[in-house]
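The lines below spell out each chain.
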Amino acid sequence: MYDKKTLNSQKLDLRVGVFICRCGGNISDIVDIDKLKSSIDADVVEEFENLCSLNGRKIIRDNIINKELDRVVIASCSPITHEKTFQDYIQPLNPYLMDMANLREQCSWVHGDMDKATDKAITLVNASIEKVKQSQAVDPILCQTPESAAVIGGGISGISAALSLAKQGVKTYLIEKKPSIGGNMVKIGKVFSPVKLAEECGMCLLNPIMNETVWHENIEILTNTKVLSTERRAGNFSILLESNPRYVDEEKCISCGKCIEECPVEVPNRWDDGLSMRKAIYKPFSQSYPDAYTIDMENCEKCGKCMKKCPMGAIYLKGEKEIVPLNVGAVILATGHKTFDPNLRPEYGYNRYADVITQSELGRIMGVNGPTKGKLKMLSKDRVPRRVVMIQCVGSRDEKPDGHKYCSKVCCMVALKNANIIKHKYPDTDVIICYTDMRTPGMYEKYYKHGQENGIRLLRGRPGEVNKKGDSLVVRVEDTLQKKFTEIETDMVVLSTAIEPSQGSEEISKIMNVGITEDMFIKETHPKIKPVTTDVKGAYVCGTAQGPKDITDSIMQAHAAASKVAEIMNDGLEIEPFVAEIDDEKCNLCEDCISICKYKAMSIKDEMIYIDPMSCSGCGKCLTVCKPRAINIHGNIDEKIFATISGMLKGKKEGEKRILVFLDQVGYTAADNIGVNRVDYPESIYIIKVHSVNRVMPKHIIYALKNGADGVFIGEYPGDLMYQEVENKMNQIREEIKDHGMNPERLQFSNVYIPYFRGLANKFKEFDAKIGSMDA
């Protein structure tokens, strides 16, 4: 049974059209398009510069109609990026009569040798042709999701997204792990206005939005709460939250402040960047929500003095964490950012000299609610600095260890804002900004000119070090325009530190298995056409969780994410139809399928087996226990896997190595990330996307090995409910491989995670080398 394909012979005379995209050179610079075209056996072969454009759609549709095509292969980028686009472009054909050969992420972006990349591209297209011949016309399933959403992160992005959703009638849970919502914006003092050429109070802008959020009936705010786990079924998310006790009853507390007068403990106040002290019982800031005190139990001595003083009896010192389940239809990730640790650049003297501070600390010093009540003072002595030198790109555009190659986008504007405030309040203070390149795009250029007119001096060159000379600091810098070295004596140095992914972003990316960029920010599906969607369906991202950006861009992206959530709430979620279907006439209601289904997709309804399409993963486990063979997976899955294997092995040359890699959506996304980040791996690796790796049966693997595959690699995300099932199956399959006289080591099973795409590339290299040593 493993020697002969069980393909549907009735479909072999189907007319197939292949459309090749040059992708603006992304593909055609590496793949020889003329050779590719001449090597393909199809009824129509066309190429185009950008196939995803409207002109590309016309070419595809005209050919389908005029050349009477039955099936279509798009040889271009990843289906994760453009599958829906091309499914729309092949109308009037059924959307599932099209397949995509991924020539960009799996070929031109990971291989540099033109001949080898072209040969691989030919194989990938051949495999798609064979697969699409076995495709059936099926219709997507439309499901309605619960009209509720979770917004994770209570900064300006999360608040804006939650408010937008609530106003559209969506019940929204705003989840913040700190004691109050507000995020980083509450610390920055003033924000710049390029239109008014002025600086405005940040809290005055944020406070009305916070109040509106607090009072909106569709928003429930959960502070001191973090996400423990999420389980996704189609568009539904089952979330487990851990809510930490506040030790102060929010309903009883009247914020009189008598408790803090009694508290004997003082610790650095993180809201003031450690520039002031607070008590163990505290309010993060005066306008915080909830409007109640909280106890920092890590530092509390549990003396009970605050309890005795509280007139409302609101304080308690014993409390337990609470686990809160949540079921929502969508999630927005707004987990914010942190800033680069300036201690990693010891040459600038941070923490060695009191008057070397960060822009964030300068913002707190000049904030009217800050430690000096808005007065600019040196930290080493109680006087206004005569000169302030700002150093840009500390940790950004920095190729030193622990630095970041990317630009943090907002640092130039933040430095100009703080410099302008200084010049307005203290015109006698000299302000010099040492920059790499001033980046003030669009209308911000006006603000830049405004700063220069105010007397801010700009010096092009990144300082090498900061030292002490007498009572002054000395900044040594090369003026790259004048091409000379300069020493600047100053009273204060301010470091513009890079924006980095927050710890919360890293945690939630692991919990939800959301893809991240090479710089560890949460990755959008496509930076241009899908700037807020993630690779987890129903999960969206906004704000600095996605990358460096200013407040305006964060709010705009938050509204965009809320709009995407509203779309799926209003129109429902379209689910791929490759799920289990049951033949009621054959079914004997034994319920074995119900007991074995790990996704709990099956139940009895009206004395028949009911399969919930939103829960079914199409893994095929139910097929193995159905004695009357009443269950089938919609969409001809078996035949398509056999056909793809045949196509991948077609035309294999003597001495050539081909390794077939089976990956589901999670693994395929990780493989795409390898391509996006231009990490290379051997040309022998051929990736086959399957709906569930559990659908890859022993018969498929042995068929592949007997027909020329040098190795088979199965990748599975450990968080998948079928993971254990697949792992247990591997030993059984190895025994079968052995029984067929082949080396069982030619099969490899491996964990796959979206964030660790480099690890997956390394596993490909290691398996390629292992196979090479077997053949030597």
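Definitions and limits used
Residues numbered from 1 in each chain as written. Predicted model: local features only at pLDDT ≥ 70, side-chain atom pairs only at ≥ 80, totals over all residues. Heavy atoms only, no water. UniProt positions renumbered as here; feature names shortened; annotations may be inferred. Helix = DSSP H or I, 4+ residues; strand = E, 2+ residues; numbered from the N terminus. Rg over C-alpha atoms; globule rule 2.2 N^0.38 Å. Buried < 20%, exposed > 50% of the residue type's maximum accessible area, 1.4 Å probe, protein only. Contact = heavy atoms within 4.5 Å. Pairing = 2+ DSSP bridges. Axes fitted to C-alpha atoms, helices over the stretch in contact; angles between N-to-C directions. Right-handed = clockwise from strand over helix to strand, strands pointing away. Parallel < 35°, antiparallel > 145°, perpendicular 65-115°, else oblique. Left-handed = near helix turned anticlockwise from the far one by under 90°. Nonpolar A, V, L, I, M, F, W, Y, C, P; charged D, E, K, R; others polar. Patch = residues over 30% accessible without salt bridge, like charges linked within 9 Å, V, L, I, M, F, W, Y side chains within 5 Å. Areas by Shrake-Rupley, 256 points an atom, 1.4 Å probe, with all protein chains shown as cover. Salt bridge = Lys/Arg side-chain N within 4 Å of Asp/Glu carboxyl O. Polar contact = N/O pair within 3.5 Å; in protein donor to acceptor, adjacent residues only side chain to side chain. Core = buried A, V, L, I, M, F, W, Y, C linked by side-chain atoms within 4.5 Å.

The chain appears in an unreviewed UniProt entry as CoB--CoM heterodisulfide reductase iron-sulfur subunit A from Methanobrevibacter arboriphilus JCM 13429 = DSM 1125. In UniProt, the chain has this text filed under Pathway (unreviewed entry): "Cofactor metabolism; coenzyme M-coenzyme B heterodisulfide reduction; coenzyme B and coenzyme M from coenzyme M-coenzyme B heterodisulfide: step 1/1." You can read under Subunit (unreviewed entry) in the UniProt record for the chain the words "The ferredoxin:CoB-CoM heterodisulfide reductase is composed of three subunits; HdrA, HdrB and HdrC."

Colleague: Mind showing me how you'd approach the overall build of the chain here?
Modeller: Check the secondary structure of the chain and you find 20 helices and 38 strands. A compact globule built from 776 residues should have a C-alpha radius of gyration of about 28 Å, and the chain, at 30 Å, falls within 12% of that. By its C-alpha atoms, the chain is 90 × 70 × 50 Å across when sized along the principal axes. Looking at the chain as a whole, 56% of its 776 residues are labelled buried. For the chain, contacts bridging at least 24 residues in sequence account for 72% of all contacts bridging at least 6.

Colleague: Even after reading the chapter, I still don't get the sheet that holds strand S21 (residues 387–394), so can you show me in this structure?
Modeller: Note: strands within a sheet are paired through backbone hydrogen bonds, in either parallel or antiparallel orientation. Strand order in the open sheet made by the five strands is S20-S27-S21-S22-S23, with parallel pairing throughout. The two strands at the open ends of the sheet, each matched to only one other strand, are strand S20 (356–358) and strand S23 (457–460). Strand-to-strand twist across the sheet, computed as the mean angle between neighbouring axes with direction ignored, equals 25°. With three bridges connecting them, S20 and strand S27 (residues 492–497) associate as parallel partners. What sits directly across from valine 356, in S27, is valine 493. This element, helix H11 (residues 411–425), spans S21, strand S22 (430–435) and S27 of the sheet and lies at about 170° to S21.

Colleague: Is there a simple way to think about the pairing of S23 in this case?
Modeller: Along a regular strand, successive side chains alternate from one face of the sheet to the other. Pairing analysis gives four bridges linking S22 to S23, with the strands arranged parallel. Note that in S23 the partner of isoleucine 433 across the bridge is leucine 458. As a crossover connection, the stretch from S22 through helix H12 (residues 444–453) into S23 is right-handed.

Colleague: Quick question: what am I supposed to make of the packing of helix H5 (residues 114–133) against helix H16 (residues 637–649) here?
Modeller: Two quantities define a packed helix pair, namely the angle between the axes and the distance from one axis to the other. Their axes nearest at 7 Å, the elements H5 and H16 cross at an angle of 150°. By the angle between their directions, the pair H5 and H16 is classed as roughly antiparallel. Judged by the sense of rotation from one axis to the other, the crossing of H5 with H16 is right-handed. Listed contacts from H16 to Thr123, Leu124, Asn126, Ala127, Glu130 and Lys131 of H5 are Lys640, Ala643, Thr644, Gly647 and Met648. Residues belonging to the contact of H5 with H16 are distributed by class as follows: four nonpolar, four polar and three charged.

Colleague: Quick question: what am I supposed to make of a nonpolar patch on the surface here?
Modeller: Judged by side-chain polarity, Leu228, Leu240 and Ile323 come together as a nonpolar surface patch covering roughly 240 Å² of accessible area. Along the chain, leucine 240 turns up in strand S12 (residues 236–243). You can call leucine 240 partly exposed: its relative accessible area is 36%.

Colleague: What is the right way to read the side chain of arginine 746 from this model?
Modeller: Structurally, arginine 746 is set in the loop between helix H19 (723–739) and strand S38 (747–751). Polar side-chain contacts of arginine 746 include one of 2.8 Å to the backbone oxygen of aspartate 710. Residues within four places of arginine 746 in sequence aside, it is in contact with Leu705, Asp710, Gly711, Val712, Phe767, Ile771, Met774 and Asp775.

Colleague: Sorry if this is basic, but what is going on with the sheet that holds strand S10 (residues 219–222) here?
Modeller: Here five strands make up an open sheet; going across it, the order is S10-S7-S6-S18-S29 and the pairing parallel. Both edges of this open sheet fall to S10 and strand S29 (539–541), since each of them pairs with a single strand only. Direction aside, the axes of adjacent strands within the sheet are offset by 20° on average. Two elements, strand S6 (residues 148–152) and strand S7 (residues 171–175), share five bridges in a ladder whose sense is parallel.

Colleague: Whenever I open this one, the side chain of glutamate 105 confuses me. Can you help?
Modeller: Examined against the element boundaries, glutamate 105 turns out to sit in helix H4 (residues 104–108). Residue class for glutamate 105 comes out buried when judged on its relative accessible area of 2%. A distance of 2.8 Å separates the side chain of glutamate 105 from the side chain of arginine 104, its partner in a polar contact. The residues contacting glutamate 105, other than those within four sequence positions of it, are Cys77, Ser78, Thr81, Val110, Asp672, Gly675, Val676 and Tyr681.

Colleague: Is there a simple way to think about the nonpolar core in this case?
Modeller: Soluble globular proteins: nonpolar side chains tend toward being buried together. One finds Leu660, Phe662 and Ile714 to be the most contacted residues of the largest nonpolar core, which totals 88 residues. Setting aside chain neighbours within four positions, we find isoleucine 714 in contact with Phe662, Val693, Val696, Ile701, Val726, Met730, Leu747, Gln748, Phe749 and Ser750. In terms of nonpolar packing, the next biggest core, distinct from the first, is built from 35 residues, Ile159, Val170, Val186 and Ile219 among them.

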